[in-house]
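If you want the building blocks of each chain, they are given just below.
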Amino acid sequence: MRLPSLFSLPLVFLLCAFAGTAQAGAQREEDLSASVRAALHAAVSDRSSPEPVFRSVEEKHRWLTEMSAKLVKRMPDAQERVDFLKTVHYEATRAGLDPQLVLGLIQVESGFKKYAVSSAGARGYMQIMPFWVRAIGTPDNNLFHLRTNLRYGCTILRHYLDIEKGDLYRALGRYNGSLGKPQYPSLVRGAWEKHWAYVPARLAQVDNGTSAR
């Protein structure tokens with residue numbers, strides 16, 4: 001999936017301008033209808049197994065290996081990386097999102113810092129504003145908990161995508177609280193495409209002209 005062509009500012013400038021900061025914080029609490037609130041509450045409350053699903057065991061190993069190698073400098077502990085990546089893949093695909101997009105968003109939002117807190121109080125990997133717990137969660141939800149944070153973040157981004165009828169540029173703007181401004185969506189696109197690009201094995205074989213018949 002590619003982002004719209006509305007992204008135009010130089011990525012080097014944007015990355016330098018936002019480097020090392022937790023991005024969420026301008027996001028505004030919005031009134032939710034009873035049906036939307038109920039649906040989002042159900043989405044963040046599900047407790048099914050977080051083991052990700054891949055087309056094959058080989059593809060699972062390949063994805064985890066490639067993503068782990070890209071993450072090693074930010075997350076040196078091997079088991080922590082695997083647990084993190086499995087949770088990202090599970091929660092992203094569960095919400096109908098590209099796991100690599102979510103990795104790019106986390107890179108921009110928190111720099112993969114579990115306990116990152118923005119000036120406005122947004123928390124964790126995906127910089128979740130505490131008002132979401134009040135709106136769709138339960139008081140015992142800990143936004144610094146890996147799976148809880150990713151579950152909220154993916155559910156919220158999916159919600160914004162639905163509101164914007166699949167327009168990722170606008171959905172990312174809503175997520176960051178900067179709707180209509182290109183800086184944040186461009187940063188996420190840059191991180192996604194430059195650092196987390198991934199081609200499934202079958203597609204890679206087709207591109208190389210070596211697809212099995």
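Heads up: these notes are all about the structure in this document.

**Focus: the overall build of the protein chain**
Secondary structure summary: the protein chain contains 10 helices and zero strands in total. Here the analysis covers contacts within the protein chain between residues at least 6 apart in sequence; of these, 65% occur between residues at least 24 apart.

**Description of unusual backbone geometry**
A positive phi angle, close to 65°, is found at Phe112, a residue other than glycine. Within the secondary structure layout, Phe112 lies in the loop between helix H5 (99-110) and helix H6 (131-136). The residue Gln127 is not glycine, and still its phi comes out positive at about 50°.

**Thoughts on the pattern of salt bridges**
Applying the stated rule across the entire model yields nine salt bridges. Among the ionic pairs, Arg158 bridges to Asp162, the shortest N-O distance being 3.3 Å. Here Asp162 and Arg158 lie together in helix H7 (residues 146-163), a separation of four residues that amounts to about one turn. For Arg158, a relative accessible area of 26% translates into the label partly exposed. Here Glu164 ties to Arg174 by a salt bridge, and the two come within 2.5 Å at their closest N and O atoms.

**Looking at the nonpolar core**
If you look at the biggest cluster of nonpolar residues, it comprises 52 residues, and the most contacted ones within it are Phe84, Leu103, Ile106, Met126, Trp132, Tyr152 and Tyr175. The greatest single-element share of this core, amounting to eight residues, is contributed by H7.

**Some remarks on the side chain of Asn149**
On the secondary structure map, Asn149 appears in helix H7. Taking relative accessible area as the criterion, Asn149 reaches 0% and is therefore assigned buried. In this structure, Asn149 is in contact with Arg123, Gly124, Tyr125, Met126, Gln127, Ile128 and Leu143, ignoring residues within four places of it in sequence.

**Structural notes on H7**
When the terminal C-alpha atoms of H7 are compared, their 26 Å separation across 18 residues agrees well with the 26 Å that a helix rising 1.5 Å per residue should span. Of all 18 residues in H7, 15 are buried, a share of seventy percent or more. Immediately beyond the C-terminal end of H7, within one or two residues, lies Lys165, with a positive phi of roughly 55°.

**Considerations on H5**
Over its 12 residues, H5 runs 16 Å from end to end, which matches the ideal 16 Å to within 8%, given 1.5 Å per residue. Among the 12 residues that make up H5, 12 are buried, leaving the element largely enclosed by the rest of the structure. Considered for burial, the residues of H5 that qualify are Pro99, Gln100, Leu101, Val102, Leu103, Gly104, Leu105, Ile106, Gln107, Val108, Glu109 and Ser110. Summarising the contacts, the buried residues of H5 are in contact with helix H3 (57-71), helix H4 (78-94), H7, helix H8 (168-176) and helix H9 (183-195). Count one or two residues on from H5 and you reach Gly111, which has phi positive near 60°.

Here is what the cut-offs are and how they apply
- Residues numbered from 1 in each chain as written.
- Predicted model: local features only at pLDDT ≥ 70, side-chain atom pairs only at ≥ 80, totals over all residues.
- Heavy atoms only, no water.
- Helix = DSSP H or I, 4+ residues; strand = E, 2+ residues; numbered from the N terminus.
- Contact = heavy atoms within 4.5 Å.
- Salt bridge = Lys/Arg side-chain N within 4 Å of Asp/Glu carboxyl O.
- Buried < 20%, exposed > 50% of the residue type's maximum accessible area, 1.4 Å probe, protein only.
- Core = buried A, V, L, I, M, F, W, Y, C linked by side-chain atoms within 4.5 Å.
- Expected span 1.5 Å × (residues − 1).

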